[in-house]
Amino acid sequence: MKTLKKIGKYITIGFVSLLIMSLIIGIIWGEKPVESGQKIEYQIISERDSSITGRKRISIHILSKQVTDFETRAIVVMQAAQDLYKRTSCQVCTATLEISKALSQKGYYLSNAIFINDKKGNSGEQKSKRWNVSSSAISPPTTKEINIIESVMIRSGDTTEKEKIQETARKLKVTKSYINQLILRIVFAEKKSFIFKKRVEP
């Protein structure tokens, strides 16, 4: 009887240890489940229809003040892609979270989700995943940082990036090195695939 109790005790300890390890690994690798009930507010700033014959493809660009990290940025674009699918029944639904409205559709974004319900790719003749989601884990840019980036990245005429950096640094009394580091951290932030354990369907 005592032996059985000991075995039971060891099994319980082993199970608890395994559970704790699983939680730790999940946190480290960003594989926490997506909570389907978690709603995040966002604003659509533009919508584009790039449909071809027999394939409805729509993309939206959004902003959200509620997202601050890797996971919430991924969740909001997935939510936006789902909402787009429900609203338009598009076969390829793309949602992109932008840094700002001024920097929208310039390739500088915080997260992106592509939802293809039939898993037939962009053309309808390919094999693809239902979801393709990527996100960045940078700390939220401040208004000042966004203004600096917009000043440098949005140029007119023949003005070069180098000239805009020099001009912005002089005007705002910051170093060129600071601006360069800001651009690398925010504009060219690394995007990683978002892995989720629960199925997220429209």
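Residues numbered from 1 in each chain as written. Predicted model: local features only at pLDDT ≥ 70, side-chain atom pairs only at ≥ 80, totals over all residues. Heavy atoms only, no water.

Caption draft 1: Examining the overall build of the chain more closely. For the chain, the count of helices and strands is five helices and six strands. When the helices and strands of the chain are read in sequence order from the N terminus, they spell out α-β-β-α-β-β-β-α-α-α-β. By the burial criterion, 39% of the 202 residues in the chain qualify as buried. When contacts within the chain are restricted to residue pairs at least 6 apart in sequence, those whose partners lie at least 24 apart make up 63%. Summed over its atoms, the accessible surface of the chain is roughly 12,700 Å², and 55% of this surface lies on carbon and sulfur atoms. (Helix = DSSP H or I, 4+ residues; strand = E, 2+ residues; numbered from the N terminus. Buried < 20%, exposed > 50% of the residue type's maximum accessible area, 1.4 Å probe, protein only. Contact = heavy atoms within 4.5 Å. Areas by Shrake-Rupley, 256 points an atom, 1.4 Å probe, with all protein chains shown as cover.)

Caption draft 2: Spotlight on the sheet that holds strand E3 (residues 92-98). Pairing is mixed across the open sheet formed by six strands, whose spatial order is E1-E2-E3-E4-E5-E6. At either end of the open sheet lies a strand with only one pairing partner, and these are strand E1 (43-49) and strand E6 (192-193). Two strands pair when backbone bridges link them, and strand E5 (residues 131-135) and E6 are joined in this way by two bridges, in the antiparallel orientation. Of the residues in E6, the one forming a bridge with Ser134 is Ser193. Helix H2 (residues 70-88) contacts E1, strand E2 (57-63), E3, strand E4 (109-115), E5 and E6 of the sheet and is inclined by roughly 140° relative to E3. (Pairing = 2+ DSSP bridges. Axes fitted to C-alpha atoms, helices over the stretch in contact; angles between N-to-C directions.)

Caption draft 3: Structural context of the state of the cysteines. By the definition in use, this model includes one disulfide. Two residues share a disulfide in this structure: Cys90 and Cys93, whose sulfurs sit 2.5 Å from each other. Where Cys90 bonds to Cys93 through sulfur, the torsion about that S-S bond is close to 130°, and the disulfide is right-handed. Residue class for Cys93 comes out buried when judged on its relative accessible area of 0%. (Disulfide = S-S within 2.5 Å.)

Caption draft 4: Structural view of the pattern of salt bridges. As enumerated under the stated definition, the model contains five salt bridges in all. Salt bridges sharing partners connect three or more residues here, namely Lys164, Glu167 and Lys171. (Salt bridge = Lys/Arg side-chain N within 4 Å of Asp/Glu carboxyl O.)

Caption draft 5: Geometry of the packing of aromatic side chains. Taken as a whole and assessed by the stated rule, the structure comprises four aromatic pairs. Both rings, one in Phe115 and one in Trp131, keep their centres 4.6 Å apart while their planes meet at 45°; by these two values the pair is tilted. Separated by 16 residues along the polypeptide, Phe115 in strand E4 and Trp131 in strand E5 bring together distant segments of the chain. Judged by relative accessible area, Trp131 falls into the buried class, the value being 10%. Members of the aromatic cluster, connected to one another through ring pairs, are Tyr85, Phe115 and Trp131. One residue, Lys191, lies across the ring of Tyr109, its end atom 4.8 Å from the ring centre. (Phe/Tyr/Trp six-rings, centres within 6.5 Å; stacked < 30°, edge-to-face > 60°. Lys NZ or Arg CZ within 6 Å of the ring centre and 35° of its normal.)

It is worth stressing that arrangement in space is one thing and function is another; only the former is reported here.
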